[in-house]
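# Structural overview for review
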Amino acid sequence: MAEKILPPEELGRVDYSPPKKSWMDPKVEFRKGTFNYGAVPSSTSYLDLPFSRKWQPTDDDWQLPDNWKEIILNGLKDRLKKYRSLKVFMDICVRCGACADKCHFYIGSGDPKNMPVLRAELLRSVYRNDFTTAGKLLGKLAGGRKLTKEIIKEWFYYFYQCTECRRCSVFCPYGIDTAEITMMGRELLNLLGLDIDWITTPAANCFRTGNHLGIQPHGFKDSVEFAVDDLEEITGIRVEAPINKKGAEVLFIVPSADYFGDPHYFGFLGYLALLHEIGLDYTFSTFASEGGNFGLFHSAEMMKRLNAKMYMEAKRLGVKWILGGECGHMWRVIHQYMDTVNGPADFLEVPVSPITGTRFEHAASTKMIHIAEFTADLIKHGKLNLDKSRNDQWRVTFHDSCNPARAMGLLEEPRFILNSVCNHFYEMPENTIREQTFCCGSGAGLGTDENFEMRMRGGLPRANAVKYVQEQHDVNMLCCICAIDKATLPPLMDYWVPGIQVGALHELVGNALVMKGEKERVTDMRSNPLPGKEVTVDA
Amino acid sequence: MLTEFLQREQAAIVDTWVDLIISGYPAQSSHFLKEESDRFRNPVGFTIGSEANKLFAALVDNNDESRLRASIDSIIKIRTVQDFTAAQAVHFIFLLKDALRKTLSEKGKEEVPIDELLAFESRVDRLALLAFDSYMHCRDRINEIRIQEMKRKSRFLLKRLHIQEESIWQEG
Ligand code: SF4
Ligand code: SF4
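Below is a summary of the structure that appears in this document. (Residues numbered from 1 in each chain as written. Chains lettered and ligands numbered in written order. Predicted model: local features only at pLDDT ≥ 70, side-chain atom pairs only at ≥ 80, totals over all residues. Heavy atoms only, no water.)

Time to look at the packing of helix H6 (residues 116-131) of chain A against helix H8 (residues 149-159) of chain A. Residues and elements named next belong to chain A. The contact between H6 and H8 brings their axes to 10 Å, and the two run at 150°. Judged on the interaxial angle alone, H8 and H6 are roughly antiparallel. As for how H6 packs across H8, the hand of that crossing is left-handed. Contact with H6, carried on its side by Arg119, Leu122, Leu123 and Val126, involves Ile151, Glu154, Trp155, Tyr158 and Phe159 of H8 and no other residues of that element. In the contact of H6 with H8, the residues fall into 7 nonpolar, no polar and 2 charged. (Axes fitted to C-alpha atoms, helices over the stretch in contact; angles between N-to-C directions. Helix = DSSP H or I, 4+ residues; strand = E, 2+ residues; numbered from the N terminus. Parallel < 35°, antiparallel > 145°, perpendicular 65-115°, else oblique. Left-handed = near helix turned anticlockwise from the far one by under 90°. Contact = heavy atoms within 4.5 Å. Nonpolar A, V, L, I, M, F, W, Y, C, P; charged D, E, K, R; others polar.)

All names here are of chain A. With the rule as written, the count across this model stands at 4 cavities of 30 Å³ or more. The calculated volume of the largest cavity comes to roughly 160 Å³. Residue lining of the largest cavity: 18 residues in total, with Thr163, Cys402, Asn403, Gly443 and Ala444 positioned closest to the centre. Of all the elements in the fold, those that place two or more residues in the lining of the largest cavity are helix H15 (329-341), helix H17 (402-407) and helix H20 (483-496). Broken down by element, the residue count for the lining of the largest cavity peaks at 3 residues, all from H17. Here the lining of the largest cavity is built from residues that sort into 9 nonpolar, 6 polar and 3 charged. Taken as a whole, the second largest cavity encloses approximately 130 Å³ of empty space. Lining the second largest cavity are 16 residues; nearest its centre among them are Cys93, Cys99, Val117, Cys172 and Ile176. Within the lining of the second largest cavity, the residues separate by chemical class into 12 nonpolar, 2 polar and 2 charged. (1 Å grid on protein atoms, 1.4 Å probe; cavity = no way out; pocket = protein on both sides within 12 Å on 5 of 7 lines; lining within 4 Å. Points joined across faces, edges and corners; volume = space filled by probe spheres on them.)

Let us now look at the interface of chain A and chain B. Of the residues lining the interface, 57 residues belong to chain A; the matching set on chain B comes to 43 residues. Taken together, the connections running from chain A to chain B amount to 7 salt bridges. Put simply, Asp449 of chain A and Arg146 of chain B hold a salt bridge, and the shortest N to O gap is 2.8 Å. On inspection of chain A and its partner chain B, the count reaches 16 residue pairs in polar contact (both at pLDDT 80 or more). Those elements that provide at least two residues to the side of chain A that touches chain B are helix H5 (104-109), helix H12 (217-235), helix H13 (264-278), helix H19 (452-473) and H20 of chain A. The element contributing the most residues to the side of chain A that touches chain B is H19 of chain A, with 11 residues. (Salt bridge = Lys/Arg side-chain N within 4 Å of Asp/Glu carboxyl O. Polar contact = N/O pair within 3.5 Å; in protein donor to acceptor, adjacent residues only side chain to side chain.)

As a further point, take the site of ligand 2. Residue and element names in this part refer to chain A. Near ligand 2, the surroundings consist of Cys103, His104, Pro116, Arg119, Cys162, Thr163, Glu164, Cys165, Arg166, Cys168, Thr178 and Ala179. Elements represented by at least two residues in the shell around ligand 2 include exactly H6 and helix H10 (178-191). Among the residues forming the shell around ligand 2, the class breakdown is 6 nonpolar, 3 polar and 3 charged. (Near = heavy atom within 4 Å.)

Moving on: the site of ligand 1. All names here are of chain A. Around ligand 1, the neighbouring residues are Cys93, Val94, Arg95, Cys96, Gly97, Ala98, Cys99, Val117, Cys172, Pro173, Tyr174 and Ile176. Judged by the proximity of its atoms to the pocket grid, ligand 1 belongs to the second largest cavity. Of the residues contributing to the shell around ligand 1, the split by class is 10 nonpolar, 1 polar and 1 charged. (Sits in = over half its atoms within 2 Å of the grid points.)

What sets the pattern is the α-helix's 3.6 residues per turn: residues three or four places apart point alike. All names here are of chain A. An ideal rise of 1.5 Å per residue puts 26 Å on 18 residues; helix H14 (residues 300-317) measures up with 26 Å between its terminal C-alpha atoms. For H14, the complete set of buried residues consists of Met302, Met303, Leu306, Asn307, Ala308, Lys309, Met310, Tyr311, Glu313, Ala314 and Leu317. In this structure, the buried side of H14 is in contact with helix H11 (197-209), strand E1 (250-253), strand E2 (282-283), strand E3 (321-324), H15 and strand E4 (368-370). (Expected span 1.5 Å × (residues − 1). Buried < 20%, exposed > 50% of the residue type's maximum accessible area, 1.4 Å probe, protein only.)

A full pass over the atoms with the stated rule returns 45 salt bridges over all chains. Between Glu154 of chain A and Lys113 of chain A there is a salt bridge, and its shortest N-O distance comes to 2.8 Å. Here Glu154 of chain A, found in helix H8, pairs with Lys113 of chain A, found in the loop between H5 and H6; they are 41 residues apart in sequence, far enough to count as distant. Here the two residues Glu154 of chain A and Lys113 of chain A agree in accessibility, since each one is buried. With its nearest N and O atoms 3.7 Å apart, the salt bridge here joins Arg457 of chain A to Asp83 of chain B. Of this pair, Arg457 of chain A sits in helix H19 while Asp83 of chain B sits in the loop between helix H5 (65-81) and helix H6 (86-90), which puts the two residues in different chains. Residue Arg457 of chain A is classed as buried on the basis of its relative accessible area, which comes to 3%. Salt bridges linked by common partners bring Arg95, Glu121, Arg124 and Arg128 of chain A together as one network.

Below you can see the structure in the form of structure tokens.
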């Protein structure tokens, strides 16, 4: 690993200022803890990706194909033609700087190349050099850079330090979306076989088995049955959780972490309780056993491939519409891309809640709605019997996950649900929530163990706001509706704000939901004693 | 008396100290880190500024370690995960000496007895040792948290296989 140990005479040096260098200098250092591992060849070859090979970012020689330059420039040319937005983003930035200090990676690191404007400039400078007249004539003077192998390494370093969260775009007067530029940068890198493992292996798994973890149908079935047992222990009610049931009204697709991960699982129990209580005619699928779509972090093509399987399953099972679980980037795909890449889903019907009769017009084309919308509608119509006091052990704050908040505007529904299921809900400061929410720092495929320090940097602004409500209101739970968040916020909290648990929205719904015929509840979804029931459990 | 000077010039000394700390970050970011006063928009700059002030006051009052420790921890926690080596992460403490000498040469009207100055500098050195402890603690925490993260990912898988988690992962 490229970790530098200073010689003794350097240690005694008083001036520790980093060397002043121009942003145009592409040199980067891959320090342990700040980058992602390269993809394993078994995954890249499974997906038929080009130049599958064993490599690591710390290698001096990245074994680029001989015609790498040509591949990149042609790839850029194709994309400029295909995506008008990319061409516009390349041309119209006036470098006003409004976005500069809005990126959580910049805020946490102070590294100028994490300013969104400079992140985009990494690609734009090459565009300028090779695709604009001024750049062709003036080169460096016009802000152009000649493409070099160093620049490829720099791209890899910084395009995998962007969680594609789109916070910066909220502040750009021209609506430039740096996340889209990052996506293009990653697509270009992938053309050279520079994929990262945490994106490619889950995508390969999903392509093979239907979920990122590679769980096979019998494993999925086991997991669901296990949850049904657990829920029975807590509530005394044995629910049905149909799998691959043809002709069900609704196909329910959750992120796979929901049935494996801690704390996701407690929210999964909440879903099962809720859907049983309202008597929804639904089914899981062992083949569409993943709501997430790591293809989104790879390329438009991969996103399309993985998204298609959900709709093919809906068709095969003959359902009317699709309900999706608590996931973040799944909704970026559904709301912003699905319709263009695989839609419209004409063989399905516009989602209508059979319980309330509400027609979800906004999903008229994709035929898919988020469970937070569905549950909020149930509560609004008074269809649920809720006992808020069963969440009195929690003092809750809500993290707006980037994609549900910024990509689909799901801002009010989760708050409405929270206010209906618990007595103690406190907002974080205004400039850190809703559209301005700070990312968890680990999205878009960056949530790996090897990238831990970078994640802690990127997550600092979020954690800092949680710390504030912990100090002000004794908050002890950070609730969210995204599977990546549920995996990556617990370590973030453990490092920056010890004492905060992370929980799913439907975990709290499950706690509060009074089910017909339930036994006296003594524990919550975590199997911890409910407030006031501690003695009963101990006895 | 040194103490009088330190109390009178606290603002100037701390300001110079913070400037020196921030000059350890890339030049293009110093303005933001120094000037953005919203604690939520600029947690790094805000923490350095406010904790440096507290540290200095506690040092002048010759407070016990516990009061110093909280402020040291807040700054070190940040620097541990930034682009610094261990030496660079704790080095900011020694910059206080530079800040003090600079302010003394610019604003010190009175004679400052050398033994008082040396005594104060020794306190700064002790602070550096605390910072090193704090840095090591943060590194340890990172390793513990990484292990816990792995455990969380597979918790319900192991439970399903009827494997007692503790038999595989000894709690640290
Ligand atoms: S806010 Fe928009 S126009 Fe201004 S620098 Fe950023 S990307 Fe460019
Ligand atoms: S999309 Fe998010 S992570 Fe990427 S540059 Fe913008 S603010 Fe930073």
